[in-house]
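Chain by chain, the residues run as shown.
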Amino acid sequence: MELKKNLNFFIHIGVSLLIITSSNNLLSFCDFPTNWSISFQNPATPLMEGIIALHSDIWAIMLFVAVFVLYILCSTLQKFGNADVQKSYKVHHNSMLEIVWTTLPALLLCVIAIPSFTLLYSLDEIVDPSVTIKCIGRQWYWSYEYSDYAVDADSGLGGGGIIFDSYLLQDDLLEEGQLRLLEVDNRLVLPVNSHIRLLTSSADVIHSFAVPSLGIKLDAIPGRLNQTTFLIKREGCFYGQCSELCGASHALMPICVESVGAEDYINWINTKLDEA
């Protein structure tokens, strides 16, 4: 009787976790890390939505397998417990059972592999971008370059562009509502509903440009140029941090991406060009 109570308890726990995990896509979270958070930040790109959906599906499958194995284990302990320790059981070979417990896990892995490969190829797909941003990691801040808007007044040829550095905003400069250790003095401003290409490199050691809400984690390596593309679906501010240990102030080089509408983006670009 006690074993059955324990079994029912574990089944209820498994079902509860399954319901919570499966409803991840319906919940709304912040665009920045929060205390004791165990879930993803609110996705802002199709790729991040795909990552969360795949994570939820795999979690559901994993919980189903875990609860099933736990049930079999508890049933075995109940049937072959201490009360029958003196009883002899004859175990016979069962080919069909072996085929089933080999085939089902293989099919389960195929079910997981198909969407995994689809998402993996989507992450590596490079679309013809509307905007190209170059991001340089430095000890310990980020440098951004909008080279698409570089025009030399004398020759009419490209050169220069919009270049600025982004530093951590110190505590005494924070305004009400701004986030400590995440706010910067110059945000990376990008347009919504536009394909954006991000190029990363480093001027000193290995850094990593990571923004969870956008589904981006791209290493910045000295002497190497990495790239990815993404599309932001909504306006907002999305926070990230360097995700590769890069020195004493590794924790003090945050990333703040601000997505705005097309008109606001054009006005921001014109303002930056006038300043240059």
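In the nomenclature of an unreviewed UniProt entry, the chain is known as Cytochrome c oxidase subunit 2 of Tupiella akineta. Turning to the chain, the UniProt record has this under Catalytic activity (unreviewed entry): "4 Fe(II)-[cytochrome c] + O2 + 8 H(+)(in) = 4 Fe(III)-[cytochrome c] + 2 H2O + 4 H(+)(out)". Within the UniProt record for the chain, the comment given under Sequence similarities (unreviewed entry) is "Belongs to the cytochrome c oxidase subunit 2 family."

Overview of the nonpolar core
Within the largest apolar cluster, 32 residues are counted, with the highest numbers of intra-cluster contacts made by Tyr 146, Leu 190, Phe 209, Leu 214, Ile 232 and Val 257. Leu 214 has contacts with Ala 44, Thr 45, Met 48, Phe 230, Ile 232, Phe 238 and Val 257, leaving out every residue within four places of it along the chain. Of all hydrophobic cores here, the second largest spans five residues; its members include Leu 182, Val 184, Tyr 239 and Cys 256.

Observations regarding the packing of aromatic side chains
For the coordinates displayed, the defined rule picks out nine aromatic pairs. Ring geometry for Tyr 141 against Tyr 167: centres 4.4 Å apart, planes inclined by 25°, an arrangement best described as stacked. Separated by 26 residues along the polypeptide, Tyr 141 in strand β2 (residues 141-146) and Tyr 167 in the loop between β3 (162-166) and β4 (188-191) bring together distant segments of the chain. Tyr 141 sits in the buried class, given a relative accessible area of 17%. With a relative accessible area of 36%, Tyr 167 lands in the partly exposed category. Both rings, one in Phe 164 and one in Trp 268, keep their centres 6.1 Å apart while their planes meet at 80°; by these two values the pair is edge-to-face. One end of the pair, Phe 164, is in strand β3; the other, Trp 268, is in helix α4 (residues 262-275), and 104 residues separate them in sequence.

Here we look at the sheet that holds strand β8 (residues 226-231)
In a beta sheet, neighbouring strands are held together by backbone hydrogen bonds and run either parallel or antiparallel to one another. One open sheet accounts for five strands, arranged β3-β2-β1-β5-β8; its pairing is mixed. Of all strands in the sheet, those bounded by a partner on one side alone are β3 and β8. Averaged over all adjacent pairs, the angle separating strand axes in this sheet is 25°, with direction ignored. Sheet analysis places strand β1 (residues 131-138) next to β2, joined by five bridges and oriented antiparallel. Looking at the pairing, Lys 134 lines up with Glu 145 of β2.

Some thoughts on helix α2 (residues 46-79)
Residue pairs spaced three or four apart in an α-helix point in one direction, given the helix's 3.6 residues per turn. With 34 residues, α2 ought to run about 50 Å at 1.5 Å a step, and its terminal C-alpha atoms sit 50 Å apart, in line with that. Taken residue by residue, α2 has Leu 47, Met 48, Ile 52, Leu 54, Ser 56, Leu 63 and Cys 74 as its buried positions.

Some points on the side chain of His 207
Mapping His 207 onto the fold places it in strand β6 (residues 207-211). Given a relative accessible area of 0%, His 207 falls into the buried group. A polar contact of 2.8 Å, which involves the side chain of His 207, links it to the side chain of Asp 204. If near-sequence neighbours (up to four positions away) are discounted, His 207 is found in contact with Gly 137, Arg 138, Gln 139, Trp 142, Ser 202, Asp 219, Ala 220, Cys 242, Glu 244, Cys 246 and Met 253.

Some words on the packing of α2 against helix α3 (residues 95-124)
Viewed as axis vectors pointing N to C, α2 and α3 meet at an angle of 165°, and their least axial separation amounts to 10 Å. Between α2 and α3, the interaxial angle falls into the category roughly antiparallel. In this structure, the crossing between α2 and α3 has a hand that is left-handed. In this structure, α2 uses Leu 47, Gly 50, Ile 51, Leu 54, Ile 58, Ile 61 and Val 65 to contact α3, whose residues at the interface are Leu 108, Val 111, Ile 112, Pro 115, Ser 116, Leu 119, Ser 122 and Leu 123.

Definitions and limits used
Residues numbered from 1 in each chain as written. Predicted model: local features only at pLDDT ≥ 70, side-chain atom pairs only at ≥ 80, totals over all residues. Heavy atoms only, no water. UniProt positions renumbered as here; feature names shortened; annotations may be inferred. Core = buried A, V, L, I, M, F, W, Y, C linked by side-chain atoms within 4.5 Å. Buried < 20%, exposed > 50% of the residue type's maximum accessible area, 1.4 Å probe, protein only. Contact = heavy atoms within 4.5 Å. Phe/Tyr/Trp six-rings, centres within 6.5 Å; stacked < 30°, edge-to-face > 60°. Helix = DSSP H or I, 4+ residues; strand = E, 2+ residues; numbered from the N terminus. Pairing = 2+ DSSP bridges. Axes fitted to C-alpha atoms, helices over the stretch in contact; angles between N-to-C directions. Expected span 1.5 Å × (residues − 1). Polar contact = N/O pair within 3.5 Å; in protein donor to acceptor, adjacent residues only side chain to side chain. Parallel < 35°, antiparallel > 145°, perpendicular 65-115°, else oblique. Left-handed = near helix turned anticlockwise from the far one by under 90°.

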